[in-house]
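Here are the chains, one letter per residue:
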Amino acid sequence: MTKKHIISILLENEAGALSRVSGLFSARAYNIESLTVAPTDDASLSRMTLVTSGTEEIVEQIMKQLNKLVDVIKLVDFTDCSHIERELMLIKVQATGESRSEVKRLSDIFRGKIIDVTDTSYTIELTGKGDKLNAFLTSLSSITIFEVVRSGVIGICRGDKTLNI
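This structure is a prediction, so every number in the text was calculated from the model and none was measured.

1. Focus on the packing of aromatic side chains
Logical step 1: Summed over all chains, the structure comprises 2 aromatic pairs.
Logical step 2: Relative to Tyr-30, the ring of Phe-25 has its centre 6.3 Å away and its plane inclined at 75°; by these criteria the two rings are edge-to-face.

2. Some details on unusual backbone geometry
Logical step 1: Backbone geometry at Ala-29 places phi at a positive 60°, although glycine is not the residue there.
Logical step 2: Relative to the helices and strands, Ala-29 is located in the loop between α1 (17–27) and β2 (34–39).
Logical step 3: Although it is not a glycine, Arg-111 sits at a positive phi angle of roughly 60°.
Logical step 4: You can see Arg-111 is positioned in the loop between α3 (99–109) and β6 (113–117).

3. Thoughts on the side chain of Ser-99
Logical step 1: With respect to the helices and strands, the residue Ser-99 is situated in helix α3.
Logical step 2: Taking the relative accessible area as the measure of exposure, Ser-99 reaches 19% and is therefore buried.
Logical step 3: Only 2.7 Å separates the side chain of Ser-99 from the backbone oxygen of Thr-96, close enough to count as a polar contact.
Logical step 4: Apart from the residues lying within four places of it in its own chain, the contact partners of Ser-99 are Gln-94 and Ile-143.

Rules used throughout
Residues numbered from 1 in each chain as written. Predicted model: local features only at pLDDT ≥ 70, side-chain atom pairs only at ≥ 80, totals over all residues. Heavy atoms only, no water. Phe/Tyr/Trp six-rings, centres within 6.5 Å; stacked < 30°, edge-to-face > 60°. Helix = DSSP H or I, 4+ residues; strand = E, 2+ residues; numbered from the N terminus. Buried < 20%, exposed > 50% of the residue type's maximum accessible area, 1.4 Å probe, protein only. Polar contact = N/O pair within 3.5 Å; in protein donor to acceptor, adjacent residues only side chain to side chain. Contact = heavy atoms within 4.5 Å.

Function cannot be inferred from these measures alone, as they are strictly geometric.
Structural data, given as structure tokens:
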């Protein structure tokens with residue numbers, strides 16, 4: 001059965017590391033649904049979080065192949081641990097007339113923050129799991145959406161389990 005997997009990877013922060021990881025996926029025709037990368041508190045390391053889907057066998061193969069890459073220091077599949085995941089979305093919507101108060105109300109319900117206001121639009125910042133962001137988009141069905149930008153998933157294991165050297 002195909003299942004979503006969030007894989008967090010600690011890798012060396014150097015040119016070409018991201019390319020080698022993404023190349024591994026494209027060479028084997030695996031899809032990356034979401035990808036985020038940023039330096040950690042140690043400037044020599046980056047943390048990559050990617051979301052992919054596949055059977056247990058396929059994801060196990062992906063993990064083995066990732067572990068063979070020279071840049072990869074350590075990795076964890078969040079499916080194996082209780083974790084917290086978040087995604088950031090910026091959304092610009094039409095906000096004129098009565099829709100201004102409706103957009104503000106919906107933004108408040110979803111704990112979003114209006115971060116830019118013009119005479120005709122609002123830009124809203126919203127964080128949470130992907131389901132929450134999708135529900136917010138659905139709730140805006142009567143509102144004109146100008147633009148949506150999503151960061152991709154980031155995550156961390158709960159409790160004492162960490163991804164570090």
